[in-house]
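If you want the building blocks of each chain, they are given just below.
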Amino acid sequence: MKFKDYYETFGLPRSATQDEIKRAYRKLARKYHPDVSKDPDAEARFKELGEAYAVLKDPEKRAAYDQMGSQWKSGQDFKPPPDWNAGFEFSGRDFGAGDGMDHSDFFEALFGRQARGAQRPGMHARGEDHHAKVLIDLEDAYRGAQRSISLRVPEVDAQGHVVLRERRLDVSIPKGIRAGQHLRLTGQGEPGLGEGPAGDLYLEIGFNPHPRFRIDDRDVYLDLPLAPWEAALGCSLAVATPDGSVQLTVPAGTAAGKSLRLKGKGIPGNPPGDLYVVPKVVLPPAVSESEKEAYRAMAKAFDFNAREPMKR
Amino acid sequence: MTNTNLQLIRGAIVEEEIHLTLEELCQACRASEEHVMAWVFEGVLEPIGDAPPDWRFTGSALHRARLALWLTRDLEINPPGVALALDLLDEIAALKTRLQRAGSR
């Protein structure tokens with residue numbers, strides 16, 4: 001297990017006041033909250049902040065943590081000394097900003113419920129509900145999928161040490177699920193204490209970014225590049241959708257940006273979403289003499305002024 | 001660390017198959033009933049049903065309630081402030097979706 005320097009997380013000296021800790025936490029938490037931040041590491045950073053704050057904001061936990069001494073450095077191999085927290089009483093199940101899951105093994109060993117629960121035999125309580133995020137591909141929402149997810153669960157080993165055990169769950173992702181929806185897996189959360197029932201596990205679904213498709217709730221958007229003559233004269237072509245290829249008729253006079261709707265070809269469901277094909281007209285460069293001649297012929301054939309709207 | 005394999009688990013889509021009671025929502029988000037009630041009265045959460053025992057929350061309340069709890073507990077924002085922050089975050093999410101839908105032009 002690696003030691004975690006919670007003061008370093010906030011960039012504060014060990015002598016920081018409770019107020020300074022609170023201010024530093026708030027400033028960083030605002031910056032890294034996953035709903036607000038654009039930082040790709042936001043989620044991990046936010047969890048670290050939550051864990052550090054859960055310890056340092058609570059005077060009891062902070063005192064116990066400080067008592068281990070200042071000689072420890074972040075990342076150093078660490079084993080909690082026996083009875084390291086003797087004389088401290090950590091009250092309640094309130095662990096602050098964190099989700100109560102995915103805390104470091106360092107945190108779990110010192111402050112986790114297993115570490116505290118072991119001190120109070122004969123207690124019964126329902127396990128807490130856990131939350132996790134799962135990213136799936138758009139295609140999975142069309143067809144349904146299986147996903148293996150790994151969860152880290154603290155457990156007490158034979159020697160009485162808290163260890164994090166990796167638990168793999170094979171979850172079936174139902175067809176038609178959309179970003180932002182949650183799956184509830186009954187009884188897959190934290191185990192109950194004593195005879196208490198286990199909590200539930202909530203999985204929040206998100207989509208991996210797709211190179212071609214964009215998603216808005218149950219509707220899917222696809223850009224379709226067209227040559228000017230294809231857009232003007234119409235054409236029929238094969239278009240790859242997340243559900244396989246379809247033959248699409250582009251009507252004559254299709255304007256750039258004017259979407260063609262394929263009803264019911266979005267994410268399946270009741271009702272299913274729609275697939276919008278957004279035509280993009282691509283101008284071919286005129287390089288060879290015959291290509292230039294074709295553009296000159298167009299200029300002659302059309303009574304067309306591209307700047308007509310600017311005259312008004 | 002050891003690995004354990006379990007059989008395939010089927011979950012229920014909260015948004016479509018389940019409505020959460022006040023107690024279930026509190027359990028799922030670790031929020032107190034007082035908190036959730038304050039958020040309902042402020043319009044942060046909009047359950048179906050008239051009185052707290054009849055309230056049923058949809059899946060979107062899960063995410064909102066967890067966010068509201070963070071704003072309340074860690075940033076010490078009061079319920080009207082939480083309502084405002086969540087409205088603004090909704091607005092940003094809607095704009096982001098629109099931007100993303102429009103693609104790069």
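Quick caveat, the model's predicted, so the values are computed rather than measured.

*Asks:* When you look at the overall build of chain B in this model, what are you seeing that I'm missing?
*Replies:* Secondary structure summary: chain B contains five helices and two strands in total. When its helices and strands are written in sequence order, chain B yields β-β-α-α-α-α-α. Computed over C-alpha atoms, the radius of gyration of chain B comes to 17 Å, more than 25% over the 13 Å expected from 2.2 N^0.38 for 105 residues, which places it beyond the range of a compact globule. Along the three orthogonal principal directions, the C-alpha set of chain B runs to about 50 × 45 × 30 Å. In chain B, which comprises 105 residues, the proportion classed as buried is 32%. Put simply, of all contacts in chain B between residues at least 6 apart along the chain, 57% involve residues at least 24 apart.

*Asks:* Looking at this structure, I do not really get the sheet that holds strand E10 (residues 260-262) of chain A. What am I missing?
*Replies:* Within a sheet, neighbouring strands are paired by backbone hydrogen bonds and run either parallel or antiparallel to one another. Residues and elements named next belong to chain A. With mixed pairing, four strands are arranged side by side in an open sheet as E6-E7-E11-E10. The sheet is open, and its two edges are formed by strand E6 (213-216) and E10, each paired on a single side. Put simply, the sheet's adjacent strands are angled 30° from each other on average, direction ignored. For E10 and strand E11 (residues 275-281), the ladder comprises three bridges, and the chain directions are antiparallel. Note that in E11 the partner of Leu260 across the bridge is Val277.

*Asks:* Help me out: how do you make sense of the sheet that holds strand E2 (residues 12-13) of chain B in this one?
*Replies:* Taken in spatial order, the four strands make up an open sheet running E1(A)-E5(A)-E4(A)-E2(B), and their pairing is mixed. Strands at the two margins of the open sheet, each flanked by one partner only, are strand E1 (130-136) of chain A together with E2 of chain B. Here seven bridges tie E1 of chain A to strand E5 (residues 201-207) of chain A, and the two strands are oriented parallel to one another. Counterpart to Val134 of chain A in the pairing with E5 of chain A is Ile205 of chain A.

*Asks:* So what exactly am I meant to see when it comes to helix H2 (residues 18-32) of chain A here?
*Replies:* One turn of the α-helix equals 3.6 residues, which is why residues spaced by three or four share an orientation. Residues and elements named next belong to chain A. Between the first and last C-alpha of H2 there are 21 Å, a value that for 15 residues agrees with the 21 Å anticipated at 1.5 Å per step. By the burial criterion, the buried members of H2 are Ile21, Ala24, Tyr25, Ala29 and Tyr32. Taken down its axis, H2 places every buried residue within 125° of arc, on the same side. Along H2, the residues that are exposed and aim more than 90 degrees away from the buried face are Asp19, Lys27 and Arg30. On its buried side, H2 packs onto helix H1 (6-10) and helix H3 (42-56).

The rules behind each value
Residue numbers restart at each chain and count upward from 1, following the sequence in its written direction. The naming scheme follows written order: chains are lettered A onward, ligands numbered 1 onward. With pLDDT at 70 or above as the cut-off, local features in this predicted model cover only qualifying residues; side-chain atom pairs require 80 or more to be listed or tallied, and sums for whole chains, interfaces and linings still use all residues. Labels follow the DSSP assignment, with helices taken as runs of H or I lasting at least four residues and strands as runs of E lasting at least two, numbered in each case from the N terminus. Just to be clear, the radius of gyration here is over C-alpha atoms, and the globule rule we use is 2.2 Å times residues to the power 0.38. Here exposure depends only on C-beta density: within 10 Å of a residue's C-beta, 20 or more other C-beta atoms make it buried, 12 or fewer make it exposed, and intermediate numbers make it partly exposed, the C-beta atoms being placed from the backbone. Contact between two residues is assigned when their C-beta atoms, built from the backbone, lie within 7 Å. Strand pairing follows a simple DSSP-based rule, namely that at least 2 bridges must link the two strands. Geometry is summarised by axes, namely lines fitted to C-alpha atoms with helices restricted to the contacting stretch, and by angles between N-to-C directions that run from 0 to 180 degrees. One less than the number of residues in a helix, times 1.5 Å, gives the span that helix is expected to have. The arc in question is the one traced by the directions running from the helix axis out to the C-beta atoms.

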